[in-house]
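If you want the building blocks of each chain, they are given just below.
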Amino acid sequence: MKETNVSAMEITQASTRQGNARRIVISLLVVFLVLSVVCFAGYEVRKRIVDYKKWIQHMREVVEVPTFYHGIWIDDVDLGGMTFEEASSILQQKANEKLEKIRFELVYGGKRWVFTYKDINAYIDWDIKIVEAYEAGRRGTLEERYNKVKEIEANGLKLQTSLYYDLDRIKSDIEAIADEISYDAVDAEIRFYPNRAHKFEITEEKSGLYLDAHEVFNTIKQMMEKGEYGEILLTPTPVAPRVTKADLQKLTHRIVQFSTSLEGSSEDRKHNVRLALSKLNGYRLDPGEVLSFNQVVGPRTAKAGFRPAPVIMPDKSMQDDYGGGVCQASSTLYNAALRANLEIVERYHHSFPVAYLPAGLDATVSYGGADLKIKNNRETPVFIRTFSSGDNVYVEIYGEPFPNNGYIECTSVIKEVVPAPQPKRILDKQGKYVKQPGGQYEYVKSRNGYRVTSYKTYYENGKKVWTEVIANDYYRPIQGIIYYRPSAEESEK
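Before going into details, it helps to say that this report is about the structure given with it.

Criteria and thresholds
- Residues numbered from 1 in each chain as written.
- Predicted model: local features only at pLDDT ≥ 70, side-chain atom pairs only at ≥ 80, totals over all residues.
- Heavy atoms only, no water.
- Phe/Tyr/Trp six-rings, centres within 6.5 Å; stacked < 30°, edge-to-face > 60°.
- Helix = DSSP H or I, 4+ residues; strand = E, 2+ residues; numbered from the N terminus.
- Buried < 20%, exposed > 50% of the residue type's maximum accessible area, 1.4 Å probe, protein only.
- Axes fitted to C-alpha atoms, helices over the stretch in contact; angles between N-to-C directions.
- Parallel < 35°, antiparallel > 145°, perpendicular 65-115°, else oblique.
- Left-handed = near helix turned anticlockwise from the far one by under 90°.
- Contact = heavy atoms within 4.5 Å.
- Nonpolar A, V, L, I, M, F, W, Y, C, P; charged D, E, K, R; others polar.
- Pairing = 2+ DSSP bridges.
- Expected span 1.5 Å × (residues − 1).
- Arc of directions from axis to C-beta.

**Some points on the packing of aromatic side chains**
Turning to step 1, where the next piece is worked out: Counted by the stated rule, this structure contains 19 aromatic pairs.
Turning to step 2, where the next piece is worked out: Look at Phe 192 and Tyr 398: their rings are 5.8 Å apart centre to centre, the planes differ by 50 degrees, and that puts the pair in the tilted class. Of this pair, Phe 192 sits in strand S8 (residues 190-192) while Tyr 398 sits in strand S21 (residues 392-399), and the two are 206 residues apart along the sequence. Note on accessibility: Phe 192 and Tyr 398 belong to one class, buried.
Turning to step 3, where the next piece is worked out: Measuring from ring centre to ring centre gives 5.8 Å for Phe 200 and Tyr 398, while their planes differ by 65 degrees; the resulting arrangement is edge-to-face. Of this pair, Phe 200 sits in strand S9 (residues 200-202) while Tyr 398 is found in strand S21, placing the two residues 198 residues apart along the sequence.
Turning to step 4, where the next piece is worked out: Assessed through its relative accessible area of 7%, Tyr 398 is described here as buried.

**Comments concerning the packing of helix H5 (residues 171-181) against helix H6 (residues 213-226)**
Turning to step 1, where the next piece is worked out: As a packed pair, H5 and H6 sit with axes 9 Å apart at the nearest point and diverge in direction by 130 degrees. As the angle between them shows, H5 and H6 are arranged oblique. Here H5 runs over H6; the crossing is right-handed. Only Ala 213, Val 216, Phe 217 and Ile 220 of H6 make contact with H5, whose side of the interface consists of Lys 171, Ile 174, Glu 175 and Ala 178.
Turning to step 2, where the next piece is worked out: Here the residues of the contact of H5 with H6 sort into six nonpolar, no polar and two charged.

**Points about the sheet that holds S21**
Turning to step 1, where the next piece is worked out: In spatial order, the strands read S13-S21-S20-S14; together these four strands make up an open sheet with antiparallel pairing. The outermost strands of the open sheet, each flanked by one partner alone, are strand S13 (253-261) and strand S14 (283-285). Across the sheet, the mean angle separating the axes of adjacent strands is 25 degrees when strand polarity is ignored.
Turning to step 2, where the next piece is worked out: Where S13 meets S21, eight bridges bridge the pair, whose relative direction is antiparallel. Across the sheet, residue Thr 260 finds its bridge partner in S21, namely Val 393.
Turning to step 3, where the next piece is worked out: Of the strands in this sheet, strand S20 (382-389) and S21 touch helix H8 (residues 267-278), which is tilted by about 15 degrees from S21.

**A closer look at the packing of helix H2 (residues 84-101) against helix H3 (residues 126-135)**
Packed helices, taken two at a time, are described by their axes: the angle between them and the distance between them.
Turning to step 1, where the next piece is worked out: Orientation of H2 relative to H3, taken along the N-to-C sense of each, is 150 degrees, at an axis distance of 10 Å. In terms of their interaxial angle, H2 and H3 are classed as roughly antiparallel. In terms of crossing hand, the pair formed by H2 and H3 is right-handed. In contact with Phe 84, Ala 87, Ser 88, Leu 91, Gln 92 and Ala 95 of H2, H3 contributes Trp 126, Ile 130, Val 131 and Tyr 134.

**As for H2**
Turning to step 1, where the next piece is worked out: Look at H2: 26 Å from first C-alpha to last across 18 residues, which is about the 26 Å you get at 1.5 Å a residue.
Turning to step 2, where the next piece is worked out: Along H2, the residues that are buried comprise Ala 87, Ser 88, Leu 91, Ala 95 and Leu 99. Buried residues of H2, viewed axially, fall in a sector of 100 degrees; they line one side. Facing away from the buried side of H2, by more than 90 degrees, are the exposed residues Glu 85, Glu 100 and Lys 101.
Turning to step 3, where the next piece is worked out: Where H2 is buried, its residues touch strand S1 (72-74), strand S2 (77-78), strand S5 (123-124), H3 and strand S7 (163-164).

Printed below as a string of structure tokens:
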């Protein structure tokens, strides 16, 4: 029984020893495993640190270079691997080559005008774009820069330069060229020499040229926008004269000739009429222009060459005054103007009908007072010729003829006669007008009054086309004035 007990204890001790040994082994294994893990972990950390440092170094090697990154272009130039100086040299050269191509030659005849990029202050912004290209990928953190560089390498970065210029700088030059090429058309001119056999001289017209500076400027502008340069052939537009010799030939026709008679007038009165008309001789009346008889003839004075002759005074008496008879000149002109169908702007009839014209067709004038004004209502000028022959004075008007052999006749009709009142008799106590007793002097002649309508009728090829009223005139009756002195017998009574 004792042996059995010993063996049990031994067995127990042995088991205990075995359990301790296992625990030791396990502990050792655990320690080993922990140490292994720790060693492995340390190795991994060290490896990662090494790898990270290599990555940092790699990124720095990629981004920290003194050259342009690969994939960067400006226009058609690949800048990858170039230094800033190398790229600048190439881009400046290419920009200069482009600028040198900007050349416009304006050509007309044997003349040339050249404009280059310098004239329009043209430049290419390569110097701005190169800085932008160089800065690409050089901002931000190292990793951000690296990623940007890789993106540029993968996708590329293409920048385009721009051309800048100021065409307004050559506007004034183009206008100067246009002025040099352009010249005005010269109208044919007509000169009137009323006293010559050939009364008109006509100069030839000349065509002009006009170069539109605005159009030339726009052509250059459009070519610049398209990048097209070279010659521009200037084609000025012919400018036709407004008036040709053929136009003026039509103005040499005598539209009308009208005359009145000086028969029975004193030599001084004849002189005055002829002098007044002579001042109208050769007068040109342009379209829209108004002729004033008083302005053309001027004051009727001795200094102006006029002589005293009978004039109708305000009290209706006839007395000598400078310029007596000038109203016959104005009346002759008036009738000629009517027959040329010119517009009568201002006209007055006499106090009573005159002997040298039908009633209603006269025109009285007084310097500083009543005037005769005639307007050229045509589209072409008319010319006035005056002359005298024998006891007749004439007014001729030249210009474009009426169509179809047209002409105008003027007539007047007395619609009413108003009898003159009985003359007023005035005793001439002082003998101013009546020198001998029993005599008398008719100071103002009694005259009937008249209501008169004047007409003008237009004919073409001998047929009446129209008739219109010229004026409705009223010549008031005039009461005569008679100065008298009684005879001796009547005085005694």
